[in-house]
Amino acid sequence: MKKTFLIILTFSLTSCAELQQIANQLPQSSTTALDISGGLKEALNNGISKQVTKLTATDGFYKNAAVRILLPAELQKVDSGLRKVGLSSLADEGIKMLNRAAEDAVKEATPIFVSAIKNMTITDARGILMGNEFAATTYLQSSTSTALYSKFNPVVKNSFSKVGADKVWLNIITKYNSIPLVNKVNPDLNDYVTNQAMSGVFKMIAVEEKDIRTNISARTSVLLQRVFAIQDKK
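Predicted model only: the values in this text are computed from it and were never measured.

### Points about the overall build of the protein
From N to C terminus, the protein includes nine helices and zero strands. Put simply, the protein runs from its N terminus to its C terminus through helices and strands in the order α-α-α-α-α-α-α-α-α. With 234 residues in all, the protein has 42% of them scored as buried. Residue pairs at least 24 apart in sequence account for 82% of intrachain contacts in the protein once pairs closer than 6 positions are excluded. For the protein, the computed accessible surface area is about 13000 Å², with 58% contributed by carbon and sulfur atoms.

Next up, the structure:
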């Protein structure tokens, strides 16, 4: 009788242990998926809050060597031509105006990014977590670029007018075109500055993404630590 009881007890304990193991696995799988999604959203929101906000400040572009907007290649001759004839201050002012327009435009970015982050699926999050070091930035780039351009471009155009950049650039081009023996130019800089502003935004988000992927101390919450520990093991 005792032997039979022991057999039944052993079988019951073994079965319970197996069932518990299975039961434990199910919620862990579900929680992990939710954690990954939540962790990636937190990381992206941190990147926007920490990096993109900096770009909206005065000199956020102009004094940041990583994203500072210079003249497009075809207009470099304008810059060098003005400096050769003693108009460096005018050239500097023109470049500053380009960056001011970008700083204004980026203020429109946050709501667009927030919407893209909210729409991120668990599948998206898993792919991003186990992707390359800029997978999250690439996700934002692919899901927001059209909306960002639509928002940024009119702001850039308005900013040029608001801060007097249109007049500054008219003066710059007029001065340059008056230099003997130069080829005359008449550029429209709205599209160029819009694209440069977008490029700067994604470049700074990428900086933050790389930091959180490679620097454990940048994972400032328990959730971020738990989620990116999964990435560390890949």
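### Focus on the side chain of Arg100
Checked against the element boundaries, Arg100 lands in helix α3 (residues 88-106). At a separation of 2.8 Å, a polar atom in the side chain of Arg100 contacts the side chain of Asp59. Leaving out residues up to four positions away in the same chain, Arg100 has contacts with Thr58, Asp59, Tyr62 and Ser159.

### Digging into the side chain of Glu209
Among the secondary structure elements, Glu209 is positioned in helix α8 (residues 190-214). A distance of 2.8 Å separates a polar atom in the side chain of Glu209 from the backbone nitrogen of Ala136. Within the structure, the side chain of Glu209 is placed 2.7 Å from the side chain of Thr137, a separation counted as a polar contact. Apart from the residues lying within four places of it in its own chain, the contact partners of Glu209 are Asn132, Glu133, Phe134, Ala135, Ala136 and Thr137.

### Examining the packing of helix α6 (residues 135-162) against α8
Running from N to C, α6 and α8 cross one another at 145 degrees; their axes reach a closest spacing of 8 Å. Considering the relative orientation of α6 and α8, their crossing is right-handed. Grouping the amino acids of the contact of α6 with α8 by side-chain chemistry returns 15 nonpolar, eight polar and four charged.

### Brief notes about the nonpolar core
If you look at the biggest cluster of nonpolar residues, it comprises 61 residues, and the most contacted ones within it are Leu40, Val106, Phe113, Leu140, Phe152 and Val193. Beyond its immediate chain neighbours, meaning those up to four positions away, Phe113 contacts Ile48, Val52, Leu140, Thr144, Leu148, Val201, Phe202 and Ile205.

Quick notes on the rules
Residues numbered from 1 in each chain as written. Predicted model: local features only at pLDDT ≥ 70, side-chain atom pairs only at ≥ 80, totals over all residues. Heavy atoms only, no water. Helix = DSSP H or I, 4+ residues; strand = E, 2+ residues; numbered from the N terminus. Buried < 20%, exposed > 50% of the residue type's maximum accessible area, 1.4 Å probe, protein only. Contact = heavy atoms within 4.5 Å. Areas by Shrake-Rupley, 256 points an atom, 1.4 Å probe, with all protein chains shown as cover. Polar contact = N/O pair within 3.5 Å; in protein donor to acceptor, adjacent residues only side chain to side chain. Axes fitted to C-alpha atoms, helices over the stretch in contact; angles between N-to-C directions. Left-handed = near helix turned anticlockwise from the far one by under 90°. Nonpolar A, V, L, I, M, F, W, Y, C, P; charged D, E, K, R; others polar. Core = buried A, V, L, I, M, F, W, Y, C linked by side-chain atoms within 4.5 Å.

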